[in-house]
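As a plain string of letters, each chain reads:
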Amino acid sequence: MIPDDILARIPGCGEGCPPTAVVQLSAGGGNRVLHVVTPVGQFVLRQRHSPLDRPGSTALMELRSHGLAAAAGLAPRVLASRPDGAWLLMEFIAEPSWSEAQLLSPLGAARLGARLGELHALPVPSDLPSFDA
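Being a predicted model, the structure only gives us computed values, none of them experimental.

About the criteria used
Residues numbered from 1 in each chain as written. Predicted model: local features only at pLDDT ≥ 70, side-chain atom pairs only at ≥ 80, totals over all residues. Heavy atoms only, no water. Patch = residues over 30% accessible without salt bridge, like charges linked within 9 Å, V, L, I, M, F, W, Y side chains within 5 Å. Areas by Shrake-Rupley, 256 points an atom, 1.4 Å probe, with all protein chains shown as cover. Salt bridge = Lys/Arg side-chain N within 4 Å of Asp/Glu carboxyl O. Helix = DSSP H or I, 4+ residues; strand = E, 2+ residues; numbered from the N terminus. Pairing = 2+ DSSP bridges. Axes fitted to C-alpha atoms, helices over the stretch in contact; angles between N-to-C directions. Contact = heavy atoms within 4.5 Å. Buried < 20%, exposed > 50% of the residue type's maximum accessible area, 1.4 Å probe, protein only.

A. Spatial organisation of a nonpolar patch on the surface. Together, W98, L103, L104, L112, L116 and L119 make up a nonpolar patch on the protein surface, roughly 520 Å² of accessible area in all. Sorting the residues of the nonpolar patch by element identifies α3 (100-104) and α4 (106-120) as the ones contributing at least two each. Residue contributions to the nonpolar patch peak at three residues, all from α4. The topology assignment puts L119 in helix α4.

Here is the structure:
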């Protein structure tokens, strides 16, 4: 299910030990997203489906953006990734998924808007190319 070269990068699986559990998460869109449990922790493995770059989404831009958000404490820390952004391994954050009712509620919209405001307030590195979504 998880290729050996990626499995070797997951803490607790480096010596050929299999994960304790692997559960496919419902989120992901153009990605395969797995919750991976090992004796040393819980992780999320996100693998992009081909093609890596799609209208409105490029693998490298997503990887760089995620890293910036993680450094600001707004996203899980990236533990490993393929240089082209085809997959990334991050910490698992145990939080309930948002329901449609939460997303459509005034409180949910305000909470989501506040988080988006924090993300959009992050300084954009000068070496990050502009992107036309």
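Here the narrative resumes.
B. Seen up close, the sheet that holds strand β4 (residues 78-81). With antiparallel pairing, the five strands of this open sheet are ordered in space as β1-β2-β3-β5-β4. For this open sheet the edge positions go to β1 (21-24) and β4, each flanked by a neighbour on one side alone. Direction aside, neighbouring strands of the sheet carry axes that sit 20° apart on average. With five bridges connecting them, strand β3 (residues 41-48) and strand β5 (residues 87-91) associate as antiparallel partners. Along β5, the bridge assignment pairs F43 with E91. Against the sheet, helix α2 (residues 59-71) touches β2 (31-38), β3, β4 and β5, its axis set at about 155° to β3.

C. How the structure looks around the side chain of N31. Considering the arrangement of structural elements, one finds N31 in strand β2. Under the relative-accessibility criterion, N31 is labelled buried at 14%. Apart from residues lying up to four places away in sequence, N31 is in contact with R46, Q47, R48, H49, R54 and E62.

D. Quick look at the pairing of β2. Taking burial as the measure, the eight residues of β2 include seven buried ones, the bulk of the element. Alignment of β1 against β2, held across four bridges, turns out to be antiparallel. Note that in β2 the partner of V23 across the bridge is H35. Taken together, the eight bridges between β2 and β3 define a ladder with antiparallel strand orientation. The residue of β3 that forms the bridge with R32 is Q47. Between β2 and β3, which pair antiparallel one after the other, the connecting turn spans two residues.

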